[in-house]
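These are the residues of each chain, in order.
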Amino acid sequence: MHLEVSVPATSANLGPGFDALALALDLRMGATLEVPSDRPGVEVSGRDAAILNRSRNLVEEGILQYLLATGRTLPPYALTVENRLPVARGLGGSAAALVAGLALGMAATGDPLDPAVLLPLAAQLEGHADNVAAALLGGLVVAWGEGRCARARALPVAASLRAVVFIPQQSSSTKAARAVLPAQLAQADAVHNIARAALLVDALREGRGADLRAAMADRLHQPYRLPLLPHAPLLDAALAAGAHGAALSGAGSSLLALCDAAAVPAVVAAMTRRAADLGVPGEVVPLDIDRRGLVLTATDTPLDSVPT
């Protein structure tokens with residue numbers, strides 16, 4: 001059996017939607033699985049392949065975790081990963097890899113691709129559900145927990161919106177980025193974020209750019225994380241060039257700006273200039289909003305699973 005899977009990058013939080021809102025971006029990781037294979041193994045190519053080859057492969061981890069969760073095994077297989085997502089830059093690389101692996105595990109054992117099963121497993125492995133939900137469903141998502149079970153829902157997002165992302169060479173650690181957050185939040189700041197998150201969902205649905213700057217203003221995590229990044233002034237540069245709103249992408253280190261298509265060239269140019277002025281190496285990438293989410297194709301008949 002030959003399986004191919006493709007999963008998008010994601011940007012979580014979007015300012016005030018901490019651990020709850022995420023947006024899929026049209027930058028994708030791909031993987032293929034051959035089962036059985038007379039040349040078993042794992043091969044990684046593409047962006048940051050050297051880093052990925054030195055660490056545990058999260059696509060294979062997703063496959064193995066699905067087999068463990070369902071009491072299955074597979075015969076020897078060949079896994080090939082073509083990565084386009086930057087590692088440890090706040091664009092959901094680990095979430096995409098785990099979602100890809102879980103989907104491959106489902107398909108290889110002959111199980112239907114069921115988001116209601118895949119999402120809680122992916123969220124448990126990743127630690128939170130926002131990135132994995134966007135990688136799975138595409139577009140804008142809201143994620144929440146019910147007891148120990150992760151839930152998510154796809155939300156409408158206006159076709160007019162585009163993303164511009166600054167991806168620095170500087171990586172970031174989600175664990176370290178969480179360590180700088182305060183243990184408690186003032187009531188006024190909590191109210192601020194609740195109102196902005198609600199406004200953000202509405203502004204993204206309707207494409208109301210005039211509301212996005214206020215809607216993406218955050219008091220929960222960005223005031224503590226942005227001072228750690230020398231390229232934080234790129235957010236103001238993007239807004240001055242015509243972006244509707246801008247925010248830290250996930251826990252960083254990438255930055256996300258949202259704008260209409262006509263403003264993309266100016267926003268790209270402004271962020272590029274500001275990065276050069278600051279002496280911060282990186283790249284500015286214009287991206288569409290991804291609305292496909294996970295895409296899986298299979299040829300040949302699924303194998304009968306082998307009980308353990």
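Here is what the cut-offs are and how they apply
- Residues numbered from 1 in each chain as written.
- Predicted model: local features only at pLDDT ≥ 70, side-chain atom pairs only at ≥ 80, totals over all residues.
- Heavy atoms only, no water.
- Pairing = 2+ DSSP bridges.
- Helix = DSSP H or I, 4+ residues; strand = E, 2+ residues; numbered from the N terminus.
- pLDDT = per-residue confidence, 0-100.
- Contact = heavy atoms within 4.5 Å.
- Patch = residues over 30% accessible without salt bridge, like charges linked within 9 Å, V, L, I, M, F, W, Y side chains within 5 Å.
- Areas by Shrake-Rupley, 256 points an atom, 1.4 Å probe, with all protein chains shown as cover.
- Salt bridge = Lys/Arg side-chain N within 4 Å of Asp/Glu carboxyl O.
- Buried < 20%, exposed > 50% of the residue type's maximum accessible area, 1.4 Å probe, protein only.
- Axes fitted to C-alpha atoms, helices over the stretch in contact; angles between N-to-C directions.

K.L.:
What should I look at first to understand the pairing of strand S5 (residues 78-83) in this one?
P.N.:
Residues in a regular strand project their side chains so that they alternate between the two faces of the sheet. Two elements, strand S2 (residues 17-34) and S5, share 5 bridges in a ladder whose sense is antiparallel. For Glu34, the partnering residue across the bridge sits in S5 and is Ala78. In this sheet, S5 lies alongside strand S3 (residues 41-46) in parallel orientation, the contact comprising 6 bridges. Each bridged residue has a counterpart across the sheet, and for Glu43 the counterpart in S5 is Thr80.

K.L.:
In this structure, what is going on with the confidence of the model for the protein? I would like to understand it.
P.N.:
Any region with low pLDDT has predicted coordinates that should not be read closely. Overall, the predicted model of the protein reaches an average pLDDT of 93, with 97% of residues at or above 70. This model gives residues 302-308 a pLDDT under 50, and the stretch forms 19 contacts once residues within four places in sequence are excluded.

K.L.:
Help me out: how do you make sense of a nonpolar patch on the surface in this one?
P.N.:
Taken together, the side chains of Val180, Tyr224 and Leu228 make up a nonpolar region of the molecular surface, amounting to roughly 240 Å² of accessible area. Structurally, Tyr224 can be placed in helix H9 (residues 222-225). The exposure class assigned to Tyr224 is partly exposed, which follows from its relative accessible area of 31%.

K.L.:
Please clarify how the sheet that holds strand S8 (residues 161-168) should be interpreted in this entry.
P.N.:
Two modes of strand pairing occur in sheets, parallel and antiparallel, and in both the strands are linked by backbone hydrogen bonds. Pairing is antiparallel across the open sheet formed by 4 strands, whose spatial order is S9-S10-S8-S11. The sheet terminates laterally at strand S9 (245-248) and strand S11 (282-288), the two strands that pair on one side only. Strand-to-strand, the axes of this sheet are offset by a mean angle of 20 degrees, without reference to chain direction.

K.L.:
Got a minute to help me understand the pattern of salt bridges in this structure?
P.N.:
Two side chains with opposite charge may pair up if their charged atoms get near one another. Counted according to the given criterion, the structure contains 12 salt bridges. The partner of Arg178 in a salt bridge is Asp19, and the shortest N-O contact between them spans 2.7 Å. In this pair, Arg178 is assigned in helix H6 (residues 174-179) and Asp19 in strand S2, connecting sequence segments 159 residues apart. For Asp19, a relative accessible area of 28% gives the class partly exposed. As a salt-bridge pair, Asp211 and Arg208 come within 3.3 Å of each other at their nearest N and O atoms. Where salt bridges share partners, they join Asp202, Arg205, Glu206, Arg208 and Asp211 into one cluster.

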